[in-house]
Amino acid sequence: MERPFLQSALRELQVFLRSPRFWATFGAVVLIFWVTGPYGTSQRLAAVPRLGFWLVLHAVAWGIAIVTIVVVNTLFAHRIPSLFGRMALGTLLAGVPVGLATEAISLLTFGGTITPSVLAESIATGLLLSALFCGLTFMTMSSKQAAALSPAPAHEVRTEVPLLRRLKPENRGAILHLTVADHYTEVTTSRGRELILLRFSDALEELGPTPGLSVHRSHFVADAHVEKLQRGDGRLTILLKDGREIPVSRSRAEAVRARWGRG
């Protein structure tokens with residue numbers, strides 16, 4: 001079952017808003033515009049009002065651009081394979097509203113008259129600002145952000161898994177391994193690893209149809225994460241694909257061998 005559109009879009013929006021790189025890039029761009037004072041703002045505005053002008057203008061412009069890009073990314077995730085391609089399409093669609101919004105801010109600040117040439121120039125400026133946002137965001141995007149904004153492969157998450165709702169958007173992928181960590185459960189997915197405040201037994205109940213076995217009172221292992229079975233010192237263990245070695249309890253040994261081969 002596919003996630004509802006609104007839920008998916010809100011999760012992707014959180015990916016941007018929780019990214020320190022995103023805010024650092026935004027702050028750097030505002031700082032550059034404030035210091036250089038383009039479009040005559042250095043002559044028409046004092047330092048503090050100029051900072052306020054560019055801060056508001058970029059906040060509005062980037063806000064419109066990011067919402068548009070998230071909507072486009074959600075709608076076309078399975079139609080346009082390239083993340084940059086989806087972001088570029090969102091940039092083009094955001095150009096007009098960004099241009100109109102920034103022109104409105106300029107008129108409120110400096111006054112003036114709206115003419116067809118002014119509107120055309122505003123839209124061109126909007127496209128430029130949107131392209132700036134798209135390019136800088138894509139270049140500074142972390143691998144986790146890129147993964148969270150890309151559709152999960154069909155074989156990874158075919159059905160809604162309740163446990164995934166507890167994870168950060170960038171960590172939501174196929175469940176690979178669960179283990180106890182004090183009062184927390186550590187969840188390993190195909191996109192990352194995260195501690196959640198949840199009892200291990202409750203986490204097991206929220207796995208949905210994830211194929212795998214509870215191999216120990218403190219470990220669940222998914223089929224997709226098993227490298228091989230090993231035996232040493234009379235103990236059966238599982239070597240995971242990330243290199244970790246997981247103990248198998250004696251009561252679960254036969255079930256483990258039956259599912260994943262002799263060890």
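Preceding this section is the structure that the text describes.
Quick summary incoming for the structure in this document. Because the structure is predicted, anything quoted here is derived from the model rather than measured.

The secondary structure content of the protein chain amounts to nine helices and eight strands. Relative to its 263 residues, the protein chain shows a buried fraction of 42%. Look at the contacts in the protein chain between residues 6 or more apart in sequence, and 56% of them connect residues 24 or more apart. Of the accessible surface of the protein chain, which amounts to about 14000 Å², a share of 61% is contributed by carbon and sulfur atoms.

This next bit is on the side chain of Thr210. Tracing the chain through its elements places Thr210 in the loop between helix H8 (200-205) and strand S4 (212-216). Setting aside chain neighbours within four positions, we find Thr210 in contact with Val161, Ile175, Phe220 and Ala222.

Across the sheet, three strands lie side by side as S6-S7-S8; this open sheet has antiparallel pairing. Looking at which strands have only one partner, the edges of the open sheet turn out to be strand S6 (226-232) and strand S8 (245-247). Going from strand to strand, the sheet's axes swing by 30 degrees on average, the running direction of each strand aside. As paired strands, S6 and strand S7 (residues 235-240) are joined by six bridges and run antiparallel to one another. Within S7, the position partnered with Gln230 by the bridge is Thr237.

Here we come to the environment of Leu75. Counting through the fold element by element, Leu75 comes out in helix H4 (residues 47-75). Since its relative accessible area comes to 47%, Leu75 is described here as partly exposed. With 11 residues separating them along the chain, Leu75 and Arg86 place their C-alpha atoms 9.4 Å apart.

Definitions and limits used
Residues numbered from 1 in each chain as written. Predicted model: local features only at pLDDT ≥ 70, side-chain atom pairs only at ≥ 80, totals over all residues. Heavy atoms only, no water. Helix = DSSP H or I, 4+ residues; strand = E, 2+ residues; numbered from the N terminus. Buried < 20%, exposed > 50% of the residue type's maximum accessible area, 1.4 Å probe, protein only. Contact = heavy atoms within 4.5 Å. Areas by Shrake-Rupley, 256 points an atom, 1.4 Å probe, with all protein chains shown as cover. Pairing = 2+ DSSP bridges. Axes fitted to C-alpha atoms, helices over the stretch in contact; angles between N-to-C directions.

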